[in-house]
Structure formats: structure tokens, C-alpha cells
Amino acid sequence: MQDKNKVEEYIRLGTEGTFRFTANLHEQSIDLEKNTVEVELIEEGSWRHPAAPNGVFVATKERISTWVKNFKDGIMGNMLPLDFAHSPDSKETPGWIVDLYEVNNNNLVEFKDKFKGKAFDLVKQKVQDGKSHLFATLRITEPTVLERIKNGSLCFISGEIQSAWEDPKNGQ
């Protein structure tokens, strides 16, 4: 179990079966030509969470791999909206999650092109822990949001993992 401060930093209570977490945005991870940001969403580990089974949310290597596979298979579409309000009724998005990928110390070199300069060094240092890390490529469609990340006034992204999402079209 990670320390309590790390628990509160990463995981926030969402609706039942939804686990909300907070991740750092780094200006070094911005690609201004593509309007994208690379961000670590979560790492392999466990955290206390009141909505999780037995009060502990666990992100295993297998779970991270499954999340990546589900995304790449288009289970919820080929892009996921960014949403400042965590609201299913939200009509606008400042951008999209356009890629999810798992990075660890065994496959880091595959992703070198995704990280510019210092960002690659930061990721390299992180994955030395031997854990799997879930990363996302965010394509930002609102120029003001990209500028806020760049100048440091927007430093975090808060995501949600829905453990029991049901496709409204087929009920699966």
C-alpha cells in the first residue's frame, strides 16, 4: 500500500464503480506542432478508495494492459472526451484522449518519439521502478487550454476509470 498522501493525490471518489484520479501535466510533454500532451494517468499499485471492493483500488499490470487493449479495440469509441466537470451531460470538450499506452522499463524505447527532450528523461526515471505506467496522448482542441498547460496555470488532469461500463447500444 502506498502512503496516504499518494493515495489522496491519485484517487478521488466518483460515482459507484467509477474511480477518479489526479495526474500531473508537465509542460515538457507538450507537442505544439500536434497540439498534444503526453501524460501519465496512473501507475501499477494500490490505493484506498471507498468505492473499490474492500476499500482498495488496485491497478495491476494486467488491468493496465486490459484498459489499453479496450481503448485500442474501440470499446468506448476511438477517442474519449476530456471533461472539466466529470459530467455525463457535458456538451463541450477541451480535447480528446487519442491514445492510451502502457510504459515500463522493458518497452520504454518504443515510446521515445512520444516524449520530447526532458520529458523522456522524466519518464525513463519513473519506469525504473519496474512497474507498469498507463499513459495517454491528449489532443487539445482549445488553444487556451494548451497555453494554460504550457505556462503552468493548468497543472493536473483528473481522470475516471469506469470499472463496469455498459455499452448503451448492446448492453454489454
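Attention here is on the structure that accompanies the text. (Residues numbered from 1 in each chain as written. Predicted model: local features only at pLDDT ≥ 70, side-chain atom pairs only at ≥ 80, totals over all residues. Heavy atoms only, no water.)

To continue, consider the overall build of the protein chain. Within the protein chain, the regular secondary structure consists of 4 helices and 10 strands. Taken from the N to the C terminus, the helices and strands of the protein chain come in the order α-β-β-β-β-β-β-α-β-β-α-β-α-β. Contacts in the protein chain between residues at least 24 apart in sequence constitute 66% of all its contacts with a sequence separation of at least 6. Within the structure as shown, the protein chain displays about 10,200 Å² of accessible surface, and the carbon and sulfur contribution to it stands at 50%. (Helix = DSSP H or I, 4+ residues; strand = E, 2+ residues; numbered from the N terminus. Contact = heavy atoms within 4.5 Å. Areas by Shrake-Rupley, 256 points an atom, 1.4 Å probe, with all protein chains shown as cover.)

As a further point, take the environment of Thr93. On the secondary structure map, Thr93 appears in the loop between strand S7 (80–81) and strand S8 (95–103). The sequence separation of Thr93 and Leu82 amounts to 11 residues, and the corresponding C-alpha distance is 5.5 Å. Those residues in contact with Thr93 that lie beyond four places of it in its chain are Pro81, Leu82, Thr141 and Glu142. In terms of polar contacts, Thr93 uses its side chain to reach the backbone carbonyl oxygen of Gly95, at 2.4 Å. (Polar contact = N/O pair within 3.5 Å; in protein donor to acceptor, adjacent residues only side chain to side chain.)

Moving on: the side chain of Glu40. Assignment of secondary structure puts Glu40 in strand S4 (residues 36–43). Of note is the side chain of Glu40, whose polar atom sits 2.5 Å from the side chain of His133. Beyond its immediate stretch of four places on either side in the chain, Glu40 contacts Ala23, Lys126, His133, Leu134 and Phe135.

Our focus in this paragraph is helix H4 (residues 143–151). The complete set of buried residues in H4 reads Val145, Leu146 and Ile149. The arc that holds the buried residues of H4, viewed along the axis, is 100 degrees, so those residues lie on one side. Turned more than 90 degrees off the buried face of H4, the exposed positions are Pro143 and Thr144. Residues of H4 that are buried sit in contact with strand S3 (30–31), S4 and strand S9 (133–140). Just past H4, the residue Gly152 takes up positive phi, approximately 90 degrees. (Buried < 20%, exposed > 50% of the residue type's maximum accessible area, 1.4 Å probe, protein only. Arc of directions from axis to C-beta.)

Take unusual backbone geometry next. Comment: phi is negative for the bulk of residues other than glycine, and the bulk of peptide bonds are trans. The residue Asn35 is not glycine, and still its phi comes out positive at about 60 degrees. By the secondary structure assignment, Asn35 is in the loop between S3 and S4.

If you walk across this open sheet you meet the 5 strands as S3-S4-S9-S8-S7, and the pairing is antiparallel. Each edge of the open sheet carries a strand with a single partner, namely S3 and S7. (Pairing = 2+ DSSP bridges.)

What follows concerns the side chain of Asp99. Of note, Asp99 is situated in strand S8. A polar contact is formed between the side chain of Asp99 and the side chain of Lys114, at a distance of 3.0 Å. Excluding its chain neighbours within four sequence positions, the residues that come into contact with Asp99 are Phe71, Lys72, Lys114, Phe135, Ala136 and Thr137.

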